[in-house]
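Results of the structural survey
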Amino acid sequence: MDQPIAAIDAQLKEYEEKRRADKRAAILEIYEETVGELRALLPFEKLWQDTWYNTSVTMKKVREAIVAAEDKAASDLEVLATVESEFAEAVKIKYLEHLDLNEALMERSRLQERAKRLREYEAQRTAQAANLAEEQRRQRRRGVQSRPRTPLPMRPRRTGTRRW
């Protein structure tokens, strides 16, 4: 009894794998037709959604999703291009990792905050070095102007009589 069930199960798995492979190939064709200049920035694997394997998802819905993703990426990249920052390239790279504009903008804020703290730290260190140099200069000046006097040896007082 287990042999017929195993045979049917194997046939079902084979059919399902073939159906999934065919659907993936059809979706890849849609991707190739639809995605234009952003192909290098939007690889197929980034756009892929496992829910597209479901039979309830039509090819029309897949095409719409791919077009929407491309349009969103293009508009997000335009937004990122208008944002002036010394970290523009790092922010774009972060965006392309996850295709999430908010995450990229948060990364820009994080990098700007980090750079600000670094500049503050460097300014503080420079100020400390300047203060130390000024203090050393003052000490050298004091050393030249007022040297500590060495005490003279004590002599006995003369009082008219000699007593020692």
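As a starting point, this report considers the structure included with it.

Calculation criteria
- Residues numbered from 1 in each chain as written.
- Predicted model: local features only at pLDDT ≥ 70, side-chain atom pairs only at ≥ 80, totals over all residues.
- Heavy atoms only, no water.
- Helix = DSSP H or I, 4+ residues; strand = E, 2+ residues; numbered from the N terminus.
- Buried < 20%, exposed > 50% of the residue type's maximum accessible area, 1.4 Å probe, protein only.
- Contact = heavy atoms within 4.5 Å.
- Areas by Shrake-Rupley, 256 points an atom, 1.4 Å probe, with all protein chains shown as cover.
- Salt bridge = Lys/Arg side-chain N within 4 Å of Asp/Glu carboxyl O.
- Phe/Tyr/Trp six-rings, centres within 6.5 Å; stacked < 30°, edge-to-face > 60°.
- Lys NZ or Arg CZ within 6 Å of the ring centre and 35° of its normal.
- Expected span 1.5 Å × (residues − 1).
- 1 Å grid on protein atoms, 1.4 Å probe; cavity = no way out; pocket = protein on both sides within 12 Å on 5 of 7 lines; lining within 4 Å.
- Points joined across faces, edges and corners; volume = space filled by probe spheres on them.
- Nonpolar A, V, L, I, M, F, W, Y, C, P; charged D, E, K, R; others polar.

Side note on the overall build of the chain
The helix and strand tally for the chain stands at five helices and zero strands. Counting from the amino terminus, helix and strand elements in the chain follow one another as α-α-α-α-α. Looking at the 164 residues of the chain, the share that counts as buried comes to 20%. Taking as baseline every contact in the chain between residues at least 6 positions apart, the subset at least 24 positions apart corresponds to 57%. When the accessible surface of the chain is totalled, it reaches about 13700 Å², and 53% of it is carbon and sulfur.

So, the environment of K94
Tracing the chain through its elements places K94 in helix α4 (residues 88–98). Classification of K94 as partly exposed rests on a relative accessible area of 22%. Ignoring anything within four residues of it in the chain, the contact list for K94 reads E103, A104 and E107.

A word on the pattern of salt bridges
A side chain of one charge can pair with a side chain of the opposite charge when the charged atoms of the two come close. All told, the structure shown has 14 salt bridges when counted by the stated rule. K94 is the salt-bridge partner of E97, the closest N and O atoms lying 4.0 Å from each other. With E97 and K94 both in helix α4, this residue pair falls three residues apart, about one helical turn. Among the charged side chains, a network of salt bridges with common partners joins E134, E135, R137 and R138.

Examining the packing of aromatic side chains
For the coordinates displayed, the defined rule picks out four aromatic pairs. With a centroid separation of 5.5 Å and 85 degrees between ring planes, the pair formed by W48 and W52 is classed as edge-to-face. This pair shows no difference in class: W48 is buried, exactly as W52 is. A network of ring pairs unites the aromatic residues Y31, F44, W48, W52 and Y53 as a single cluster. Against the face of Y53 rests R20, its NZ or CZ located 3.9 Å from the ring centre.

Digging into unusual backbone geometry
A positive phi angle is found at L99, which is not glycine, with a value near 55 degrees. On the secondary structure map, L99 appears in the loop between α4 and α5 (101–145).

Structural notes on the environment of E32
Here E32 lies in helix α1 (residues 2–34). You can call E32 partly exposed: its relative accessible area is 42%. Along the sequence, E32 and F44 sit twelve residues apart, while their C-alpha atoms lie 8.8 Å from each other.

Re α1
Given a rise of 1.5 Å per residue, 33 residues ought to cover 48 Å, and the 47 Å separating the end C-alpha atoms of α1 matches this to within 8%. Of all the positions in α1, only R19, K23, I27, I30, Y31 and T34 are classed as buried. Looking at the buried residues of α1, the elements they touch are α2 (44–47) and α3 (59–82).

Observations regarding empty space enclosed by the protein
By the definition in use, this model includes one cavity of 30 Å³ or more. Roughly 30 Å³ of internal volume is contained in the largest cavity. The element contributing the most residues to the lining of the largest cavity is α4, with three residues. In terms of residue class, the lining of the largest cavity is made up of four nonpolar, one polar and two charged.

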